[in-house]
Amino acid sequence: MSSIDRSQSVGGTRTYEVRTYGCQMNVHDSERLSGLLEDAGYVRAAEGADGDADVVVFNTCAVRENADNKLYGNLGHLAPKKASRPGMQIAVGGCLAQKDRDTIVKRAPWVDVVFGTHNIGKLPVLLERARVQEEAQVEIAESLEAFPSTLPTRRESAYAAWVSISVGCNNTCTFCIVPALRGKEKDRRPGDILAEIEALVGEGVSEITLLGQNVNAYGSDIGDREAFSKLLRACGKIDGLERVRFTSPHPRDFTDDVIAAMAETPNVMPQLHMPLQSGSDPVLKAMRRSYRQERFLGIIDKVRASIPHAAISTDIIVGFPGETEEDFQQTLHVVREARFAQAFTFQYSKRPGTPAAEMDGQIPKKVVQERYERLVALQERISWEENKKQVGRTLELMVAEGEGRKDGATHRLSGRAPDSRLVHFTKPERDVRPGDVVTVEITYAAPHHLLAEGAVLDVRRTRAGDAWEKRTTEKETAPAGVLLGLPKVGVPEPLPAVTGGCAVD
């Protein structure tokens, strides 16, 4: 590119687009990438830009077998656009960038920047360096340079927020490559976490989700085995914080003090995502999961005894190498016993670089598919039966944005119950905003949602709704050329809602 071309490409306001793949950790990292770029003077491209932004950032995931094919397909789609647009830049970050490093530039030489999971804060500097030096910049840090929460963040929701309490993972699950790419667990100081939450509440946020690769192992890095339960209780003392959730815990670290903190802290929601992965003890051993079926079901029993209305969800992998029909039957047994409100089921696929990818006994695709279909059918039936138990209950919902795809056609709105079940409700005469709270009676249950078809019983306008309205007004009245953007994600969904993600412990 000539110097004349460079000057043309940087004239005026430059736009950006961030494309995110994988788990909620990546979603939150993308909020930081957006914040960094806006702090550096970029503005978000209009919705539907589809590669027409001046800077396109791919925040990648490496846990699926075809993750690299998907990335290079998207990069190939952008190649002609970049060739025709002087000054356009493409950056690739996240887990696949950490894993493949120089391979990305070799396979896609039109990429300008490659950065890893440990140095996302360098993105604006690397983009500028690539522009000035006219060559790709590849910078992969081997360890965390600064805790990501110290970076600028562009929150996708005005009323609900992720709060990272740790990064990395100390487990060695044979199907997971995350520890190799994210590193060993690093915990934030409790005071820093609580200060961030208090600042968010001051801005109008009323729900937070504590986020970690293995969230309830929090404290192992700072030498306090009860640090997570103490953190939950501390969240209960923050005025204005109405809902606290967390994801994703590991059965190994799920101790009685955490259950007690959940039960005794009013703003900790009656919801638990507890990954099972398999109900078979031999398969769990091969996965290097440090619990067995009895331990897992024991946790579920304790949670239900302390929190009777808790909705419990899980992750399950079908077709792990060596899984027999008897092993699979044990998984079905646990599903029947645990009666999960929801299960996120995955057919095993090789994660390049993991021990499981090299194991003997890889299961034929046809067998995996047949088992998967049986598991899904069982869980669908249980989910529907459990949802039917909600009919007749009166629930408080936090009104959500973008969660009801048919709301416009049905003249309904959508919200999340305390246990995170999705509820579609009749639009009230009184104006309600995302972040506000409504009280409804459940009249109908489907396997994946509930309906409240009667009149809304109560509407409570909240500071969170005020924050959403303020952001919306600022967007509508912004000067031409400045694209602040609407929040497109409502209340953060539980971790497994992003399928194929890496936070599957």
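If you're wondering where the values come from, they're calculated on a predicted model, not measured in any experiment.

A. Structural context of the pattern of salt bridges. Tallying each qualifying case throughout the model produces 32 salt bridges. Lys99 is the salt-bridge partner of Asp100, the closest N and O atoms lying 3.2 Å from each other. One connected set of salt bridges, linked through shared partners, spans Glu323, Glu325, Glu370, Arg371 and Arg374.

B. Local environment of the sheet that holds strand β19 (residues 444-445). Ordered in space as β19-β20-β17-β16-β15-β18-β21, the seven strands form an open sheet in which the pairing is mixed. If you trace the sheet from one side to the other, it starts and ends with β19 and β21 (458-460), each paired once. Direction of pairing for strand β15 (residues 394-399) relative to strand β18 (residues 437-441): antiparallel, over a ladder of five bridges. By the bridge assignment for β18, Glu396 is matched with Thr439.

C. View of the packing of aromatic side chains. According to the stated counting rule, one finds four aromatic pairs in the structure shown. On the numbers, 5.1 Å between centres and 80° between planes, the contact of Phe228 with Phe246 is edge-to-face. In this pair, Phe228 sits in helix α9 (residues 227-235) while Phe246 sits in strand β11 (residues 243-247), placing the two residues 18 residues apart along the sequence. For Phe246, a relative accessible area of 7% puts it in the buried group. When the ring of Phe296 is compared with that of Phe340, the centres are 6.2 Å apart and the planes differ by 65°; the resulting orientation is edge-to-face. Placement of the pair is Phe296 in helix α12 (residues 293-306) and Phe340 in the loop between α13 (325-338) and β14 (342-347), with a sequence separation of 44 residues. No difference in accessibility class separates Phe296 from Phe340, as the two residues are buried. The lysine or arginine in question, Arg107, covers the ring of Tyr72, its NZ or CZ lying 3.8 Å from the ring centre.

Analysis parameters
Residues numbered from 1 in each chain as written. Predicted model: local features only at pLDDT ≥ 70, side-chain atom pairs only at ≥ 80, totals over all residues. Heavy atoms only, no water. Salt bridge = Lys/Arg side-chain N within 4 Å of Asp/Glu carboxyl O. Pairing = 2+ DSSP bridges. Helix = DSSP H or I, 4+ residues; strand = E, 2+ residues; numbered from the N terminus. Phe/Tyr/Trp six-rings, centres within 6.5 Å; stacked < 30°, edge-to-face > 60°. Buried < 20%, exposed > 50% of the residue type's maximum accessible area, 1.4 Å probe, protein only. Lys NZ or Arg CZ within 6 Å of the ring centre and 35° of its normal.

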